[in-house]
Number of protein chains: 2
Amino acid sequence: MSQQKLIKPRILSGFMELSPNKQLIFDGMIEKIKRVYQESCFMPLDTPVLELSEILLAKSGGEIDKEVYHFTKGDTNICMRYDLTVPLARYVSMNSENISFPFKRYQIGKVYRGERAQRGRFREFVQCDGDIVGLDQLPIAADGECVFLIDKIFKQLDIDIVNHISNRNILVGYCRELSLQDKTKEVLTLLDKVNKIGKDGVEKELENLGIDKKTSDKLLYIISLQSDFQEVLEKLAPLSKDEIFVEGLRQLQELYQYIQAYQIDKKNYSLDISIIRGQDYYTGTVFEASIPSHPEFGTVCGGGRYDNLAGYFSQKKMPGVGLSIGLTRLFDLLDKNNMLPACPPTNTTLQIIPLGDYLVECFKLQSYFSKYLNCEVNYENRSFKAKMKEAGKKQIPYILIVGEEEIDRQLYTLKNMALGEQFKLSKEDCLKMICK
Amino acid sequence: MSQQKLIKPRILSGFMELSPNKQLIFDGMIEKIKRVYQESCFMPLDTPVLELSEILLAKSGGEIDKEVYHFTKGDTNICMRYDLTVPLARYVSMNSENISFPFKRYQIGKVYRGERAQRGRFREFVQCDGDIVGLDQLPIAADGECVFLIDKIFKQLDIDIVNHISNRNILVGYCRELSLQDKTKEVLTLLDKVNKIGKDGVEKELENLGIDKKTSDKLLYIISLQSDFQEVLEKLAPLSKDEIFVEGLRQLQELYQYIQAYQIDKKNYSLDISIIRGQDYYTGTVFEASIPSHPEFGTVCGGGRYDNLAGYFSQKKMPGVGLSIGLTRLFDLLDKNNMLPACPPTNTTLQIIPLGDYLVECFKLQSYFSKYLNCEVNYENRSFKAKMKEAGKKQIPYILIVGEEEIDRQLYTLKNMALGEQFKLSKEDCLKMICK
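Description of the structure in this document. (Residues numbered from 1 in each chain as written. Chains lettered and ligands numbered in written order. Predicted model: local features only at pLDDT ≥ 70, side-chain atom pairs only at ≥ 80, totals over all residues. Heavy atoms only, no water.)

What to know about the sheet that holds strand S6 (residues 124-133) of chain B
Residues and elements named next belong to chain B.
- Taken together, the 9 strands give an open sheet; going across it, the order is S1-S5-S6-S12-S11-S10-S7-S9-S8, and neighbouring strands pair in mixed fashion. The open sheet has two edge strands, strand S1 (43-44) and strand S8 (226-227), and neither has a second partner.
- Pairing between strand S11 (residues 299-306) and strand S12 (residues 320-326): 5 bridges, direction antiparallel. Within S12, the residue paired with Gly303 across the bridge is Leu323.
- Sitting on the sheet, helix H4 (residues 141-156) is in contact with strand S5 (103-112), S6, strand S7 (162-167), strand S10 (285-290), S11 and S12, with an inclination near 20° to S12.
- Relative to strand S9 (residues 269-272), helix H9 (residues 229-236) is tilted by about 15°, and along the sheet it contacts S7, S8 and S9. (Pairing = 2+ DSSP bridges. Helix = DSSP H or I, 4+ residues; strand = E, 2+ residues; numbered from the N terminus. Contact = heavy atoms within 4.5 Å. Axes fitted to C-alpha atoms, helices over the stretch in contact; angles between N-to-C directions.)

Considering the packing of aromatic side chains
- On inspection of all chains with the given rule, the structure shows 33 aromatic pairs over all chains.
- Aromatic pair A:Phe148 and A:Tyr262: ring centres 3.9 Å apart, planes at 10°, arrangement stacked. Taken together, the residues A:Phe148 in helix H4 (residues 141-156) and A:Tyr262 in the loop between helix H10 (243-261) and strand S9 (269-272) connect sequence positions 114 residues apart. For the pair formed by A:Phe148 and A:Tyr262, the shared burial category is buried.
- On the basis of an interplanar angle of 65° and a centroid distance of 5.6 Å, the ring pair of A:Tyr368 and A:Tyr372 is categorised as edge-to-face.
- Relative accessible area serves as the criterion here: at 49%, A:Tyr372 is assigned to the partly exposed category.
- An aromatic cluster of three or more residues is present, and its members are A:Phe148, A:Tyr258, A:Tyr262, B:Phe363 and B:Tyr379.
- Note that A:Lys73 overlies the ring of B:Tyr69, its terminal NZ or CZ placed 5.3 Å from the centroid.
- Lying over the aromatic face of B:Tyr368, B:Lys427 brings its terminal NZ or CZ to 4.7 Å of the ring centre. (Phe/Tyr/Trp six-rings, centres within 6.5 Å; stacked < 30°, edge-to-face > 60°. Buried < 20%, exposed > 50% of the residue type's maximum accessible area, 1.4 Å probe, protein only. Lys NZ or Arg CZ within 6 Å of the ring centre and 35° of its normal.)

Quick look at empty space enclosed by the protein
- Taken as a whole, this structure holds 3 cavities of 30 Å³ or more when the rule is applied.
- Here the largest cavity is characterised by a volume of approximately 790 Å³.
- What lines the largest cavity is a set of 36 residues, and nearest its centre among them are A:Ile30, A:Ile108, A:Gly109, B:Ile108 and B:Gly109.
- Elements that contribute at least two residues to the lining of the largest cavity include exactly helix H1 (20-39) and strand S5 (103-112) of chain A together with helix H1 (20-39) and S5 of chain B.
- For the lining of the largest cavity, the residue count by class is 18 nonpolar, 6 polar and 12 charged. (1 Å grid on protein atoms, 1.4 Å probe; cavity = no way out; pocket = protein on both sides within 12 Å on 5 of 7 lines; lining within 4 Å. Points joined across faces, edges and corners; volume = space filled by probe spheres on them. Nonpolar A, V, L, I, M, F, W, Y, C, P; charged D, E, K, R; others polar.)

Focus on helix H7 (residues 194-208) of chain A
All names here are of chain A.
- Between its terminal C-alpha atoms H7 stretches only 15 Å, short of the 21 Å expected from 15 residues at 1.5 Å a residue.
- Maximal helix bending in H7 amounts to about 70°, located at Asp200.
- Looking only at H7, the buried set comprises Val194, Gly201, Val202 and Leu206. (Expected span 1.5 Å × (residues − 1). Bend = angle between axes of the 7 residues up to and from the residue.)

Here we look at the relation of the copies chain A and chain B
- Once turned by 180° and shifted 0.0 Å along the axis, chain A lies on chain B with an RMSD of 0.1 Å. Between the two chains, the operation in question is that of a two-fold axis. Among all residues of chain A, the one whose C-alpha sits closest to the rotation axis is A:Phe71, at a distance of 2.9 Å.
- Looking at the interface residues of chain A, 100% of them are also at the interface in chain B, so both copies use one shared face. (Least-squares fit on C-alpha atoms with pLDDT ≥ 70 in both.)

Some words on the interface of chain A and chain B
- With 104 residues of chain A at the contact, the number on the chain B side is 104 residues.
- The junction of chain A with chain B conceals about 8,800 Å² of combined surface from both sides, 60% of it contributed by carbon and sulfur atoms.
- On the chain A side of the interface with chain B, the three residues burying the most area are A:Ile7, A:Leu12 and A:Tyr379, jointly 8% of the side's total.
- Linking chain A to chain B there are 8 salt bridges.
- For A:Arg10, the salt bridge is made with B:Glu54, and the minimal N-O distance between the two is 2.9 Å.
- Among the elements that take part in the side of chain A that touches chain B, H1(A) stands out by supplying 9 residues, more than any other.
- Its residues placed into classes, the side of chain A that touches chain B shows 51 nonpolar, 27 polar and 26 charged. (Buried area = accessible area lost by both parts, 1.4 Å probe. Salt bridge = Lys/Arg side-chain N within 4 Å of Asp/Glu carboxyl O.)

Some points on the environment of B:Ile25
All names here are of chain B.
- Mapped onto the elements, Ile25 comes out in helix H1.
- With 58 residues separating them along the chain, Ile25 and Asp83 place their C-alpha atoms 23 Å apart.
- Residues within four places of Ile25 in sequence aside, it is in contact with Phe331, Leu340, Pro341, Ala342 and Cys343.

Some details on the side chain of A:Ser290
Residues and elements named next belong to chain A.
- Counting through the fold element by element, Ser290 comes out in strand S10 (residues 285-290).
- Overall, Ser290 belongs to the buried group, its relative accessible area being 18%.
- There is a polar contact of 3.1 Å between the side chain of Ser290 and the side chain of His164.
- Excluding residues within four positions of it along the chain, Ser290 makes contact with Asp160, Ile161, Val162, His164, Gly298 and Val300. (Polar contact = N/O pair within 3.5 Å; in protein donor to acceptor, adjacent residues only side chain to side chain.)

Brief notes about the packing of helix H5 (residues 168-177) of chain A against H10(A)
All names here are of chain A.
- Contact geometry of H5 with H10 gives a least axis separation of 7 Å together with a crossing angle of 160°. One finds that H5 runs roughly antiparallel with respect to H10. Viewed along their axes, H5 and H10 form a crossing whose handedness is left-handed. Residue-level contacts link Asn169, Ile170, Val172, Gly173, Tyr174 and Arg176 of H5 to Glu243, Ile244, Phe245, Gly248, Leu249, Gln251 and Leu252 of H10. (Parallel < 35°, antiparallel > 145°, perpendicular 65-115°, else oblique. Left-handed = near helix turned anticlockwise from the far one by under 90°.)

Quick look at the pairing of strand S3 (residues 70-73) of chain B
Residue and element names in this part refer to chain B.
- Summarising the sheet, S3 and strand S4 (residues 76-80) pair through 4 bridges and their orientation is antiparallel. The residue bridging Phe71 from the neighbouring strand is Ile78, located in S4.
- Between S3 and S4, which follow one another and run antiparallel, lie 2 residues, and Gly74 among them has a positive phi close to 60°.

What about unusual backbone geometry?
- Put simply, A:Phe101 and A:Pro102 share a cis peptide bond, and its omega is -5°.
- By secondary structure assignment, the location of A:Pro102 is in the loop between helix H3 (85-94) and S5.
- Non-glycine residue B:Asp136 carries a positive phi angle of around 70°.
- As for its position among the elements, B:Asp136 is in the loop between S6 and H4.
- Judged by its relative accessible area of 53%, B:Asp136 falls in the exposed class.
- A positive phi angle, close to 50°, is found at B:Asn338, a residue other than glycine.
- Within the fold, B:Asn338 resides in the loop between helix H11 (327-336) and strand S13 (350-354).
- Overall, B:Asn338 belongs to the exposed group, its relative accessible area being 71%.

Focus on the side chain of B:Asn169
- If you trace the backbone, B:Asn169 turns up in helix H5 (residues 168-177).
- If sequence neighbours within four positions are ignored, B:Asn169 has contacts with B:Tyr174, B:Ile244, B:Phe245, B:Gly248, B:Gln251, B:Thr283 and B:Gly284.

Here's the deal with the pattern of salt bridges
Residue and element names in this part refer to chain A.
- Under the counting rule described, the total for this entry stands at 64 salt bridges over all chains.
- With a shortest N-O distance of 2.6 Å, Arg305 and Asp143 are connected by a salt bridge. Note that Arg305 is positioned in strand S11 (residues 299-306) and Asp143 in helix H4, a separation of 162 residues in sequence.
- Residues participating in the shared-partner salt-bridge network are Glu405, Glu406, Arg409 and Lys424.

These values are about where atoms sit, not about what they do.
Shown next, in the form of structure tokens:
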């Protein structure tokens, strides 16, 4: 083996691999998100990473998007999932007889997109999704619950966000009001670009669509409504009596009631009519959360309502509402902007160092302490001094020194590394001091 | 969309997809395993699911095993990982400059083997691995720590196991003792089959290898030594003075000291010379845990020591020792044998049901209670009676009824569903009663 040619160890480009101390923070974020979902009684789902191509590509009629990883095994065409929504649609269709609706599930897992690797884009990334799926109908209360979850999750993550909320019925209805119903899709796609190409850019493109200046001004006005929820609701009310518009307004009003009931801080959400969210499967409520102090991060959480989740797989109508957080990208941005919590090199709370040939005694102590805290024995073949130095470098908070005298008296030397203090204590008292 | 042909929702064969209540148990098991690793100061690592084929197939010189999922994207040959050990070897080689050795990491993640689906075999399964990797050398104490971890993990999972421990140096040295050093690999492979083909089968095949009856009897005797650690150590001692054999014995004696220090219950481990573990990268300590009440489950956790983890990627010598639990298979076996803990259909502790049009008030209460426990509002468009019946079916432990009277008096009706009792309490007292 020693003579063989070595293979240069490396990973595929566009894949994130964190150092263990950063992974600890990443996992901690997942834990917090999971807990919030569970506190609202969402249940976990874990669908396979691989699915039949026929299932994952149902939307495009089997046509393979170039960013989807796919391959053939035997006679089977297989894709790696590129989101968690199609697998959810497949799951609820497959199991609709056994599911109790509304079905509230969270799924935190890796998805794959083999797109050209760009700055801040990953080919493997963790998505944290929560969805509420109804059968035949789903009250707006569910949309309220999603808005509540987003607020709670980012509070837990200690990240200040503003959740920009809208309802697509407003713009769909307003297009009818302006007799643009035949061009709704094109108009919405254009308006969605306002943050990219600016107001002037949108105006020019609306003109290209054959829309006159007066109408285009009205559209640009309505998407400029983005501030306090109550205020925007009042400005919207007189704009149209169109049935769909009025329904959108009613849904927003109802949603607003629930948001208030949830006591979400006013500065953490707004009503923003420019929020459209490209995918045309969204139907009512839509939302996008961003970080006001870092607008360049873009959307850190998005979602909304879709009237028919599983149309490709089931005749049953299953409306849903959900949110999605792209955690890998968010983590990467936080990391690059020094916004992660401090990450010490280890998770060790107590390291036991033998002073002499006392490993057996040390392991006895480890089996005691590790019931209560993260504890290890330093069994390396190095000098005591070198071990103490290394422990300092690793920022280990407590060191327990176990030598002959300590073992004889059953009093161990506990050193608080930050304060530089040390005490001779029984193991029980050591535990008390550390846990204090 | 409604006119299109529906696609039959289904998943690939050989893939496990749990119902959410079972997923909750599965996730709970992962949590417990993770906590044990952390209590011994193992750090998390999460390598990509996809790796360059060159890396994952280093062992076989690039030859693709038919069970490995692989594909090409652009010019790149990509494989899905089939274990977590090769990625670990790649990781430590890539990052050896920044790692502080011994490097203790756990990784809990999915691996992929596209083998023919058999009963109890999965093509996607979760492995829970823990390894300790040293630079140049690694004390036997690390092997002790792995044995300790296995004991703790299965205690946490409430599963009674016996960890069968051996050291490959014993058999390697004994082959030298019997002048079989040229046939060591074949002999070990044969002896490893004793549980499959029986003593007679092994005897016959040893004969085919040209090994005489007397020698073969000695081999069969030594692998029959499987019981109390101390007892087997004593029986081994007189068998050989071969250097490697004696070294194996010394390692086992040292390991035994640590196992005793960790106060592992005697009934939970044994010294069992028949344990070999096929892969020839194991060098010293080897272990396999099984469940005595269900021998048909086979090995539920295995591992051991390898002298050179990363020989394909690095000139540095990195000895390691590790354990691996195939959680998907274990879970499936526990499930099929009704050995899982009870799994109620939901994780809801408290469901709030409005009696009338009081959703806003209910959401206020949810935002209060969900800080402390899993709480949801039942906002379905169904009768109160239907909701209560459904809550009973779902085994939700507490129901809070919120009607006009409750809101006026700020005293809510809390119903303990198991006892059928109900009380009128303030929200604070409701919380106290539930958390009691």
